[in-house]
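# Coordinate analysis (summary)
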There are 2 protein chains.
Amino acid sequence: MLISDKMYELGSKRSVIRDLFEYGKMRVQEVGAENVYDFSLGNPTVPAPNCVNETIIELIKELDSISLHGYTSAQGDLQTRQAIANYLNDTYMTNFKADNFYITVGAAASLSIVLRALMVSPEDEVIAIAPFFPEYSVFVTSAGAKFKMVPPDTKEFQICFEELEKIINVNTKAIIINSPNNPSGAVYSEDTIVKLSNLLKKKSKEIGHDIFIISDEPYREIVYDGVCVPYITKYYDNTIVCYSYSKSLSLPGERIGFVLVPDEVVESKRLYAAVAGAGRALGYVCAPSMFQKVIVKCIGQTGDINIYKKNRDILYDGLTQLGYECFKPSGAFYMFVKALEESDEAFCNKAKEEDLLLVPATGFGCPGYVRISYCVDEEMIKRSFAAFKRLKEKYSS
Amino acid sequence: MLISDKMYELGSKRSVIRDLFEYGKMRVQEVGAENVYDFSLGNPTVPAPNCVNETIIELIKELDSISLHGYTSAQGDLQTRQAIANYLNDTYMTNFKADNFYITVGAAASLSIVLRALMVSPEDEVIAIAPFFPEYSVFVTSAGAKFKMVPPDTKEFQICFEELEKIINVNTKAIIINSPNNPSGAVYSEDTIVKLSNLLKKKSKEIGHDIFIISDEPYREIVYDGVCVPYITKYYDNTIVCYSYSKSLSLPGERIGFVLVPDEVVESKRLYAAVAGAGRALGYVCAPSMFQKVIVKCIGQTGDINIYKKNRDILYDGLTQLGYECFKPSGAFYMFVKALEESDEAFCNKAKEEDLLLVPATGFGCPGYVRISYCVDEEMIKRSFAAFKRLKEKYSS
C-alpha cells in the first residue's frame, strides 16, 4: 500500500456539515438566497472588534519587517504570553505566569498537541461528554488513544455523572469538556464543575493515577444573560486549557490560540516540555507572529456579542411559538432542538425539502436532536419561520 | 506513565543552534554587541518586499472582517491556489491546476502532513541526503517511519548515488531532497536531478513499488549568479513539493506555504485526499486567511536577495583569504566550511572562545564541517574576520 488508508478516509469523507453547506450554495443558485435557510455552519458572523485591524495598521507602521513577520520562539512571544497571563489573572483571580502558556495555531492545534503530549500507550482512553464536537474523536484517535463517549444529559445538557463514573477505568487518561458547548449551547454550572472535580479526584485515587481535564473553551466569552463560566483550573488542579481567539475576536481564519499548563498540574514542567515537543513533532514552528502581537493589544475585547444574543432570542421565541422543543442556550451560537421524529437524520432530510439546512445531532453523539447555528443573518432567521411552520405541519397531519 | 517520554525528550532537548543563539545573547550583555559574531540562526534578515505590508493595508480597506479573517476551506482559498498554479506554470512551463495545491502553515507543516499521508507501516523508510535539516528526522519518526541517511558528497555537496542505491530497499517509501540546501548552500544541478530520477525509476521497478521524492524547497528563489534550480516535477513523476514563503517573502513567523501533488503522481487524487486527511488529523484547520490573500498579490516577488549575495561574497572571500576551506554556496544563506580539526564540535568550541558562534555540522549528518549563516548584518561579517584570523592561528602554532 502506497498511501495511508486512514488519512485517505479522513480526507475524503466530507463532514455532514460541510455537505449541507455546499448543498446550500447550490440551492442559492437555483432558488435564490432569500429562499434558502442555511443554519449549518459555525462561522462567526460578527466582525472582529475594530482594535484588530487598527492594531495591524499600527504594527505595520511601528515595527520593522523582521520584528513583525519574523520567527517567534516556539512557545510564543514572551509579551503575548505575559499579556494573556495578566488578563486571565485580572479576570479570574488566578496566578498564571507567562511560562504556563504555549501559543498555538488555534484550538484544534492546541487539542492535537496536548493529546499527543499525554498519550503513552494505545490502551490510553480519552472521554468526551455528548453532545461533543465531532473532531474530538479524530484528534484522539490520531494521537493514538481510544475515544470514549458519555451519553448526553438531554434534560439540562450538563454531565451524566453516573454514566461518566461507569466509563472511567485504569486506562482513562483525560476527559475533554467544552463549555460553552458546541453543539448544545449549554454552559456547565459551577455545581457541575464541582461535581466533576470531586468525581475525578475520587476516581484518580481509585485507579492509582491522575486524570486530566482538557478544557476546550473557544466560546468562553460568547455567553448571554450574565451567565458565569467558571474557570476550571480553580476547581481541579489537573486541568489543561485549550483556547482559541477564533470566536472571541472573530478571527477563525487567522489561527491563533494557546495551551495553558498551570503549575498545579501534576508534573507541570514535564508536561509543558512535552507540549512543546508535540508541537515540534507535528510541524508547528510558531503561531502567526503578527497575530501574536495583535492579541497583546486586543485581549479582553470581543466582537458585538449582542448580535448573537438577539439572534438567539428571535430564534428561540419563534421556534417555541411554533411548538418546537428547544433548549435555550446560555452560550456559543448554537441551539439544540428536538427532532419531530425519532431519526434526526430523517427529520433533517424533511427540513431540507423546505430548504432549511439543519445539522442532525447523531454525529455529535446525541441522536434525536438537531443543531441550529444562529451565527447567521437576523433577517434569514425571520424569513425561515414560514419554512419551520411548514416543516412542523408535515408532522401534524 | 502520565506524560509521553518521547514528546518530553523532543521538547526539553534544546537544539545546538538555539543554545548557541541564547549564549550569543548572553555574551552581547557581557562584551557588547560589536564583539559577538553570531552566525548561528537561519532567520531571514532581508525585509519582506513592500508589497506585503501594502497588500495587508489594502485588504483591510477593501474586505469586510468575515472575508478577511474568516475560515477558508481546509485546502486553502481557490484564488490563492489558482495564483500559485498560474505563477509556477508561467515560470517553469508546468501544467498545474488549483486542485493540485493544499495550502499549509509553512514547510514544516507541509512535510509533517505529507509524511503522515504516506506512512502505512512502521517498516516504512524515508531517506534524507546529508547534510540535511535535522528536523527531518523528527518529522519522519513522528510520522511513524524510519529515518535513513545517505552520507554526504563533501566534494560538490550533490548526491552520493552509490550510497543512495545501497540504502534503497523494499521498505523505501520516499526520499527527501532539499535544494537549495540548508545547511550546505548547494543547489542540485540538472545532471544530479536526472541521475536521481533515473535511479529512482530503476529502483522502483526493482522493489515493485513507486518511490516518492519529497522536494522541500523553501530556498528555491534564494539563488545567486543566475544558477538554475530545476523544477523537480518535470523530471520525476512521483514528486511531491513542500514549499514555504518564509524565505522568499521573508515571512517566517507568519507560517504560510503549500503542498503540491501533481496529477502525474501515482494515485494522485487519493494522495491529495490523504494530505487533506493528515492536515485534519494533525489539527491544521486552514492556513492563515489574510496571508493566503497576501500571497495572491505578492507571489513571484522576493526580498532583496542581493543583500545575501553581497554577504556571501564578503564572507567567502574573507575566509578563503584567511586560508579556510569553504564551499561556495549557490543558494540559501548558509556557507559550509571545513573545521580545522577532526571534531567539528571541538572546533566550534574553540571558535566560541573568540565569540564566533558557528554551528557544528555533525547534527546535519556531516561531521568535520561547520555551518555559517550569513543572513546577518554585513558589518558583523567584516568585524568577524579578526576573530576568524585568531581562530586560524590557534591551529598554526
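Small disclaimer: the values here were computed from a predicted structure and weren't measured.

### Description of the overall build of chain A
- A count of helical and extended segments in chain A gives 14 helices and 13 strands.
- In summary, chain A has a C-alpha radius of gyration of 21 Å against a globular reference of 21 Å for 397 residues, a match within 12%.
- Taking the principal axes of its C-alpha atoms as reference, chain A extends roughly 65 × 60 × 55 Å.
- Taking all 397 residues of chain A together, the buried fraction comes to 61%.

### Structural notes on the interface of chain B and chain A
- With 74 residues of chain B at the contact, the number on the chain A side is 74 residues.
- Taking both partners together, chain B and chain A bury about 6100 Å²; carbon and sulfur atoms supply 60% of that area.
- If you sort the residues of chain B by the area they bury against chain A, Leu2, Ile3 and Arg280 of chain B come out on top, with a joint share of 14%.
- Counting across the interface, chain B meets chain A through 4 salt bridges.
- With a shortest N-O distance of 2.7 Å, Glu135 of chain A and Arg280 of chain B are connected by a salt bridge.
- The tally of links from chain B across to chain A stands at 36 residue pairs in polar contact (both at pLDDT 80 or more).
- Where the side of chain B that touches chain A is concerned, the elements lending two or more residues are α1 (5-12), α3 (50-62), α4 (65-69), α6 (107-118), α7 (135-142), α10 (268-281) and α11 (289-298) of chain B.

### Some points on the pairing of strand β6 (residues 212-216) of chain A
Residue and element names in this part refer to chain A.
- Summarising burial for β6: 5 of the 5 residues are buried, a large majority.
- Neither face of β6 is left uncovered, since the one carrying Phe212, Ile214 and Asp216 and the one carrying Ile213 and Ser215 both have all their residues buried.
- The pairing of strand β5 (residues 172-177) with β6 spans 4 bridges and is classified as parallel. When the bridges of β6 are listed, Ile175 appears paired with Ile213.
- Taken together, β5, helix α9 (residues 190-207) and β6 form a β-α-β motif whose crossover is right-handed.

### Describing the packing of helix α5 (residues 78-92) of chain A against helix α11 (residues 289-298) of chain A
All names here are of chain A.
- One can describe the packing of α5 onto α11 by two numbers: an axis separation of 9 Å at closest approach and a directional angle of 35 degrees. Judged by the twist between their axes, the crossing of α5 over α11 is left-handed. On α11, the residues that touch Gln79, Thr80, Ala83 and Ile84 of α5 are Gln292, Lys293, Ile295 and Val296.

### Section: the sheet that holds strand β7 (residues 239-244) of chain A
Residues and elements named next belong to chain A.
- Spatially, the 7 strands line up as an open sheet ordered β2-β8-β7-β6-β5-β3-β4, and their pairing is mixed. Either end of the sheet is taken by a strand with one partner, and the two such strands are β2 (101-104) and β4 (146-150). Between one strand axis and the next, the sheet turns by 20 degrees as a mean value, whatever way the strands run.
- The strands touched by helix α6 (residues 107-118) are β2, β3 (125-129), β5, β6, β7 and β8 (257-260); relative to β7, the strand with the most contacts, the crossing angle is about 155 degrees.

Conventions we followed
Residues numbered from 1 in each chain as written. Chains lettered and ligands numbered in written order. Predicted model: local features only at pLDDT ≥ 70, side-chain atom pairs only at ≥ 80, totals over all residues. Heavy atoms only, no water. Helix = DSSP H or I, 4+ residues; strand = E, 2+ residues; numbered from the N terminus. Rg over C-alpha atoms; globule rule 2.2 N^0.38 Å. Buried < 20%, exposed > 50% of the residue type's maximum accessible area, 1.4 Å probe, protein only. Contact = heavy atoms within 4.5 Å. Buried area = accessible area lost by both parts, 1.4 Å probe. Salt bridge = Lys/Arg side-chain N within 4 Å of Asp/Glu carboxyl O. Polar contact = N/O pair within 3.5 Å; in protein donor to acceptor, adjacent residues only side chain to side chain. Pairing = 2+ DSSP bridges. Right-handed = clockwise from strand over helix to strand, strands pointing away. Axes fitted to C-alpha atoms, helices over the stretch in contact; angles between N-to-C directions. Left-handed = near helix turned anticlockwise from the far one by under 90°.

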